[in-house]
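In case you want the letters, here they are:
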Amino acid sequence: MRGPLVVKRAFSEPLLLLAAFGSILLATTTLVALTMYASTIAEVGVRRTMETASLGQVAATIATPVNTETFPALDRAIRAELARAYAGAPAAITTAFRSDSYVLPGQERRKTPELLRFGSYDGLDTHAKLISGTWPGAGSDVVEAAISLSAASASGLKSGQEITTEGRLDHKAVKVRITGVFQLNDPFGDRWTGEQLLTRGVETGEYTTYGPLMVPRQTFLSRFATNVNATWTAVPDLRTLSPEQLRPFAGRVSELRDRLRANGCASCTATSRLPEILTQLGTAALVARSTMLIPVLQLLLLAAYALMLTARLLADHRRMEVALLRSRGAGTLRLAALAGGEALLVAVPCAIVAPFLGPPLLALVNALPWIKASGVRLAPSADLGTFAVSIGVALASAVLLMLPALAGARRTYVEEQSTRGRSGGRGLIERAGADLALLLVAALAIWQLRRYGAPVTATAAGDLGIDPLIVSGPALALLTGGMLGLRLVPRVSKLAERLTARRPTLAPALGVWQVSRRPLRYAGPALLLTMAIAIGIVSMATAATWRGSQEDQARHQIGADLRISGPPDGPELGMFGRGTAFAALPGVTTVSPAFRGQVDLSGEDAVLLGLDAGKLDRLLQLRPDLSARSVGEMARELRSGRPRGGPLELPGRPTTLTVRAHADAEVPLRMMISDALGVWRELSLGRLHRGDNQIDLDLGASAGRTGKIAYPLSVRGLVANPPESGDAQVTVTGLSPGDAISLKVTGSRPAVVAFGEPTGPLPVVLTTDLAASLKLSPGQVSRVSLDRQVVEVKVAGLVDRMPTTAADQPAVLADWGTLQAYGLAAGQIPKPATEWWLATDGGDTEPALAALKKRPEWNVTAVDQRELAERLRDDPLASGLQGALILGFVAALAFAVLGFLVNASVAARERMAEFTILRALGVSSRQVFGMLAIEQAFVIGLSLVAGTALAVVVGVLVVPHIVLTGQAAAVTPDVLLDIPWAATAAMLALVAALLLGIVAVLARNLRGQGGEDL
């Protein structure tokens, strides 16, 4: 009898039953989808990071001396330890060897002969291509070897050539046949880090060494393994690792060296960045999951409140029925069973259906632009975990649905009649001060979030874990703010009542009076709508802030549209040829050489940047809030320190230069010359002998084989170093018609003649932390020590963060030409152009990058701001929060609309008798509709305003602290809150129109139900 009674009783209120079913289904489906999304995005993010990690980041290297006898045992032991460490992620292991030195043929009697080395590398043929000949074989009396193209060019060895070389230590002769010449596929890749001889072919120091001549492993072990260094490199396949496996895996890898030494290999060294990277990645995955809990908790609170509103309405409709059943002998257990059965009737189907609705909902998330761009494809399926979440949410919803019914189960019919009537102006929570208590808890949670920077803290065991208080902070702040906003409902309604009472129109006065008379009836829907609007705006603000932060990070890390780095000089592009080549790249509008180096500034380690200040405002991308002065203002200050008087310009477009010099002692002489782009180069004129000297300089060689000089060329100065003893007088002619340049060298200091010597302090831009440590302020002139040279500087500006530097890295920015002039005045070598900064038309760098990729012989690396911004945006661990926010945002609006619809419908139906009396008193149907519209518009307007204000407050306090990098680190530069007001206004207008449309439909239905009397 109980079962049918439960069903019959439930269907007696179909509207409220349907509302409860919709709320529970929406809550279970969305929360199941969010948990699926959080776990999937973390796994995908870890896998993506591991797939794209460079070899240098994941490889482990073990090195130890070996000989022919010790290698087999060591090889077995090392491979066994690597197999244990890389359990679950098999590693590809290669071995490499380098021999002792051998003398280049024909130089055995020299005191400092040129040398050769032999080497072996497993699988070299898969990482290099043959230019000529064949790969060497093993087993012959004559050692077969292959040589790199760069080593062959430098040493003169050729494919097919046979040589005999002698060991430097054992003096044994080795006959070698060069079988082939090869070229590495990626000579500058991470695989060859530490293999400078293999990549360059030649090393110059006390001895010049060529090679290595690469031989098979068998040959090396039998002929060259004389206690030489062997290296094992293990590259694991990390694609199958899950986030939970990261930390244990990192622990095993970090134990490699200790385990090898404990097993008898005392000389073994093991190096790997993998433990650090895996630990960092594990933290990032944990932070990503914890951050995605924020919208989950927000949605939980909203769903719980929406369900409680529906439950309260259902209890209000049933309270007289419950009181009658109570008076007829129904006990509390019987009433609880009825309420529980009714709740389970709608909750159980939701628990079963939700896990199957979650994957289709995530398929819609796949269509989001930033998820699609990242290549992530969310295709989870229902498992035991999703069913557990669904059942848990559904059961909790059932409990919330039956609680109000149980609260009124003890009142009799007379008690229920006596409680009906006008309610007070404050609810139970407000009277108890619970909203103020929640405010304190929310404030503590947000304070901790702002302090720790992420919802993850150290546990008592020393591990990292999710801090429930920090994670719940944003949700508690929204709930508390909404509850505090409820205190405004009676006050604002009273004020509106006084204002409308003075007007002659009836509908506004009746509508506002109704709200003022029963504020608690409207407080519930108002709180629900306020929280939903706040969640929506905070979600949009977080997404906009995150996207803006990725752009800011890319601009800060690159500094310009495009930044090119590489050796300052090279055979293809020389020092004077690089700027011309880069300026000719398609789409490039501005180009400047740049110097980057570490300097000691009055005891502080700092990064020194030198850029052409005349082009700074077109190149440097500095976020305006990072400095009180604009880039243009700082550029003018930096240019003000340039030397007076120009350099000595060489006429025409010379490719050679003849310099004549007369010296009265043997003096080393140097000349500084620059091109039209401001690149400085030192040209050595050699050691002048007594009397007349003529030096012929090849200027064209400074451009390289394919480079072109940027004319005009200019002489910047001459530097004569002191002779071995005494003083010296040098007179230089040939640089300008009819002019002679004299240098007198006295003492131990070099003599310098500069064309354009600096006359004032060196203007610099400092980071604020560096200026504070040096006690300098904008405009101040002070003497500082710059790499042990005392220089007078003037502070041209301060920046909180210098572009292209880390957050905590002190930095100095100076004008390139002024910096070089100060160095010349001190007789220093000109600073090389370690980088080139480029601006492109409209920021479009693709044409320039495409052109650079066609010139690998230029040996440069380009970093592109747009490409970096796209890579940052496509990082699943960093961008995962966006999909969760969208799901939460849509669900929040659905809850708000559903709750508003149900409350408005029930309220209108309950007041049918009131509307009939008003019509009987002569109130027109239009006025009745106006009264209903004013009541609901009051709730809608107040909720929209309060929700927007609450979102702004929570956004300022929370959003900048939940936007992190993909490695769960703080963002540089600091995150700026971005609330997209246009999209927010559109969303508010859409919600208002939808809710007012619901009111219009309700009014039409009421009129149809009441006929002309209504």
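Residues numbered from 1 in each chain as written. Predicted model: local features only at pLDDT ≥ 70, side-chain atom pairs only at ≥ 80, totals over all residues. Heavy atoms only, no water.

A. Spatial organisation of the overall build of the protein chain. Within the protein chain, the secondary structure is distributed over 32 helices and 31 strands. Taking all 1014 residues of the protein chain together, the buried fraction comes to 50%. Across the protein chain, contacts joining residues at least 24 apart in sequence account for 80% of those joining residues at least 6 apart. Carbon together with sulfur atoms contributes 56% to the accessible area of the protein chain, which is approximately 44500 Å² in total. (Helix = DSSP H or I, 4+ residues; strand = E, 2+ residues; numbered from the N terminus. Buried < 20%, exposed > 50% of the residue type's maximum accessible area, 1.4 Å probe, protein only. Contact = heavy atoms within 4.5 Å. Areas by Shrake-Rupley, 256 points an atom, 1.4 Å probe, with all protein chains shown as cover.)

B. Structural detail: a nonpolar patch on the surface. On the surface, Leu344, Val348, Ile352, Val353, Phe356, Leu357, Ile391 and Leu395 cluster together into a nonpolar patch covering about 670 Å² of accessible area. Elements supplying a minimum of two residues to the nonpolar patch: α12 (332-365) and α14 (384-407). Here the element with the most residues in the nonpolar patch is α12; it accounts for 6 residues. Relative to the elements of secondary structure, leucine 357 occurs in helix α12. (Patch = residues over 30% accessible without salt bridge, like charges linked within 9 Å, V, L, I, M, F, W, Y side chains within 5 Å. Salt bridge = Lys/Arg side-chain N within 4 Å of Asp/Glu carboxyl O.)

C. The arrangement of the environment of glycine 548 in detail. Within the fold, glycine 548 resides in helix α21 (residues 519-558). Measuring from C-alpha to C-alpha, the distance between glycine 548 and leucine 977 comes to 8.8 Å, with 429 residues separating the pair along the chain.

D. Structural context of the pairing of strand β3 (residues 115-121). Here β3 lies mainly inside the structure; 6 of its 7 residues are buried. Across 6 bridges, strand β2 (residues 91-103) lies against β3 in antiparallel orientation. Within the sheet, the bridge partner assigned to serine 101 lies in β3 and is arginine 117. Pairing of β3 with strand β9 (residues 208-214) involves 4 bridges; the strand directions are parallel. Residue pairing across strands places leucine 115 opposite threonine 209, the latter belonging to β9. (Pairing = 2+ DSSP bridges.)

E. Up close: the confidence of the model for the protein chain. Of all residues in the protein chain, 82% have pLDDT values of 70 or greater, and the mean over the chain is 80. This stretch, residues 421-425, has a pLDDT under 50; its non-local contacts, to residues over four places away or in other chains, come to 10 contacts. In the model, residues 1010-1014 has pLDDT below 50 throughout and makes 11 contacts with residues more than four positions away in sequence or in other chains. (pLDDT = per-residue confidence, 0-100.)

F. Structural view of the sheet that holds strand β24 (residues 740-745). Taken together, 4 strands build an open sheet; the order of strands is β21-β18-β23-β24 and the sheet is antiparallel. With one partner strand each, in any of the chains shown, β21 (691-698) and β24 form the two edges of the open sheet. Between one strand and the next, the sheet's axes are offset by a mean angle of 25°, whatever the strand orientation. With 4 bridges joining them, strand β18 (residues 656-663) and strand β23 (residues 728-733) adopt antiparallel strand pairing. Looking across to β23, one finds that alanine 661 is bridged to valine 732. (Axes fitted to C-alpha atoms, helices over the stretch in contact; angles between N-to-C directions.)

G. Layout of a negative patch on the surface. Judged by side-chain charge, Asp841, Asp844, Glu846 and Glu870 come together as a negatively charged surface patch. If you trace the backbone, glutamate 846 turns up in helix α27 (residues 846-853). (Lys, Arg positive; Asp, Glu negative; His and termini not counted. Charge placed at Lys NZ, Arg CZ, Asp CG, Glu CD.)

H. Structural view of the packing of aromatic side chains. In the structure shown here, the tally under the stated rule is 13 aromatic pairs. When the centroid spacing of 5.8 Å and the interplanar angle of 10° are considered together, the rings of phenylalanine 71 and tryptophan 232 count as stacked. Taken together, the residues span a long stretch of sequence, with phenylalanine 71 in helix α4 (residues 71-85) and tryptophan 232 in strand β10 (residues 228-236) at a distance of 161 residues. Like phenylalanine 71, the residue tryptophan 232 is buried in the burial classification. Taking 5.6 Å as the distance between ring centres and 55° as the angle between the ring planes, the aromatic pair formed by tyrosine 86 and phenylalanine 249 counts as tilted. Of this pair, tyrosine 86 sits in the loop between α4 and β2 while phenylalanine 249 is found in helix α9 (residues 246-254), placing the two residues 163 residues apart along the sequence. Grouping residues by exposure puts tyrosine 86 and phenylalanine 249 together as buried. Cluster of aromatic residues (ring-pair linked, three or more members): Phe71, Phe97, Tyr102, Phe118, Phe220, Phe224 and Trp232. When the ring centre of phenylalanine 595 is taken as origin, the NZ or CZ atom of lysine 831, which lies over that ring, is 5.8 Å away. (Phe/Tyr/Trp six-rings, centres within 6.5 Å; stacked < 30°, edge-to-face > 60°. Lys NZ or Arg CZ within 6 Å of the ring centre and 35° of its normal.)

I. Structural context of the environment of phenylalanine 97. Mapped onto the fold, phenylalanine 97 is located in strand β2. Judged by relative accessible area, which is 1%, phenylalanine 97 ranks as buried. Through-space distance from the C-alpha of phenylalanine 97 to that of phenylalanine 224 is 9.2 Å; in sequence the pair is 127 residues apart.

J. The arrangement of helix α26 (residues 816-825) in detail. With 8 of its 10 residues buried, α26 lies for the most part within the structure. Trp816, Thr818, Leu819, Gln820, Ala821, Tyr822, Gly823 and Leu824 are the residues of α26 that are buried. Two residues or fewer after α26 comes glycine 827, characterised by a positive phi angle close to 75°.

K. Region of interest: the side chain of aspartate 552. Mapped onto the elements, aspartate 552 comes out in helix α21. What makes aspartate 552 buried here is its relative accessible area of 13%. A distance of 2.8 Å separates polar atoms of two side chains, one belonging to aspartate 552 and the other to arginine 555. Beyond its immediate chain neighbours, meaning those up to four positions away, aspartate 552 contacts Arg623 and Pro973. (Polar contact = N/O pair within 3.5 Å; in protein donor to acceptor, adjacent residues only side chain to side chain.)

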